[in-house]
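Working through the structure, step by step
Below, each chain spelled out in residue letters.
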Amino acid sequence: MSSVRRLSLVTDEDHAPMPDRQVGALRVAIATQDMKNLNAHFGSAKRFAVYDVTREEWHLVEAVAFDDVSDESGKRRTGDDRITPKVEALKGCHLLFCLAIGGPSAAKLVSAKIHPIKVPQPQTIQEVLLRTQTMLRTCPPPWLRKVLAEAGVAEKKPSFEDED
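A brief structural summary. (Residues numbered from 1 in each chain as written. Predicted model: local features only at pLDDT ≥ 70, side-chain atom pairs only at ≥ 80, totals over all residues. Heavy atoms only, no water.)

Before going further, it helps to spend a moment on the packing of aromatic side chains. A full pass over the atoms with the stated rule returns two aromatic pairs. Arranged with centres 5.7 Å apart and planes meeting at 50°, the rings of Phe 42 and Phe 48 form a pair that is tilted. Among the residues examined, Phe 42 registers a relative accessible area of 1% and is labelled buried. What links up through ring pairs into an aromatic cluster is the set Phe 42, Phe 48 and Phe 66. Across from the ring centre of Phe 42, 5.7 Å away, lies the NZ or CZ of Lys 86, which sits over that ring. (Phe/Tyr/Trp six-rings, centres within 6.5 Å; stacked < 30°, edge-to-face > 60°. Buried < 20%, exposed > 50% of the residue type's maximum accessible area, 1.4 Å probe, protein only. Lys NZ or Arg CZ within 6 Å of the ring centre and 35° of its normal.)

Okay, unusual backbone geometry next. In this structure, Met 35 takes a positive phi of about 65° despite not being glycine. Looking at the element boundaries, Met 35 is found in the loop between strand S2 (26–32) and strand S3 (37–38). Since its relative accessible area comes to 27%, Met 35 is described here as partly exposed. At Lys 113, a position not held by glycine, the phi torsion is positive, near 65°. (Helix = DSSP H or I, 4+ residues; strand = E, 2+ residues; numbered from the N terminus.)

A word on the pairing of strand S7 (residues 115–118). Where strand S6 (residues 95–98) lies against S7, four bridges are found, and the strand directions are parallel. When the bridges of S7 are listed, Leu 96 appears paired with Pro 116. Each parallel crossover has a hand, and the one from S6 via helix H2 (residues 103–111) to S7 is right-handed. (Pairing = 2+ DSSP bridges. Right-handed = clockwise from strand over helix to strand, strands pointing away.)

Here the focus is the pattern of salt bridges. The tally for this structure, following the rule as stated, stands at two salt bridges. Of the charged contacts in the structure, one is a salt bridge between Arg 27 and Asp 52, with a shortest N-O distance of 2.7 Å. Within this pair, whereas Arg 27 is found in strand S2, its partner Asp 52 is found in strand S4 (residues 47–53), the two being separated by 25 residues in sequence. Accessibility expressed as a relative area gives 3% for Arg 27, which makes it buried. Residue classification places Asp 52 among the buried positions, given a relative accessible area of 4%. A salt bridge links Lys 91 to Glu 88; the nearest nitrogen and oxygen atoms lie 3.1 Å apart. With relative accessibility at 44%, the residue Glu 88 sits in the partly exposed group. (Salt bridge = Lys/Arg side-chain N within 4 Å of Asp/Glu carboxyl O.)

Take it as geometry only, folks, not as evidence of what the structure does.
Here's what the structure looks like:
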């Protein structure tokens with residue numbers, strides 16, 4: 001059995017365990033071992049830093065920590081399912097940045113409406129957040145426009161079928 005710990009910033013006693021997303025923000029999860037850098041594979045990440053990101057700012061929403069993680073050897077481990085608890089803990093996020101992710105894990109994330117993004121080398125969390133803001137400010141790629149529309153951050157393009 002895997003245990004999950006959540007660290008959330010709270011401003012009052014009535015604050016929910018998973019705070020509501022800031023209006024107009026994209027919720028982003030970053031796989032990290034140290035809460036400073038994007039430096040983990042999805043399966044071996046001890047923590048995920050979760051941020052709400054807008055064109056102008058970002059805010060740490062929570063840190064999600066896991067006791068039972070896989071190694072980075074690429075070999076499958078038998079026994080407990082270590083992926084499903086991570087996917088469940090990240091529900092509500094729109095993007096997940098990590099160094100690597102396997103096909104079955106990526107499929108589980110996509111079915112939970114979380115878009116995984118592999119980054120080729122470690123970088124600071126600040127660099128990831130700045131990159132996300134740049135994508136939001138400029139002309140986002142088609143896959144991100146779809147994510148933004150589903151998140152209610154951007155308008156969906158009108159469809160020919162929608163016209164009367």
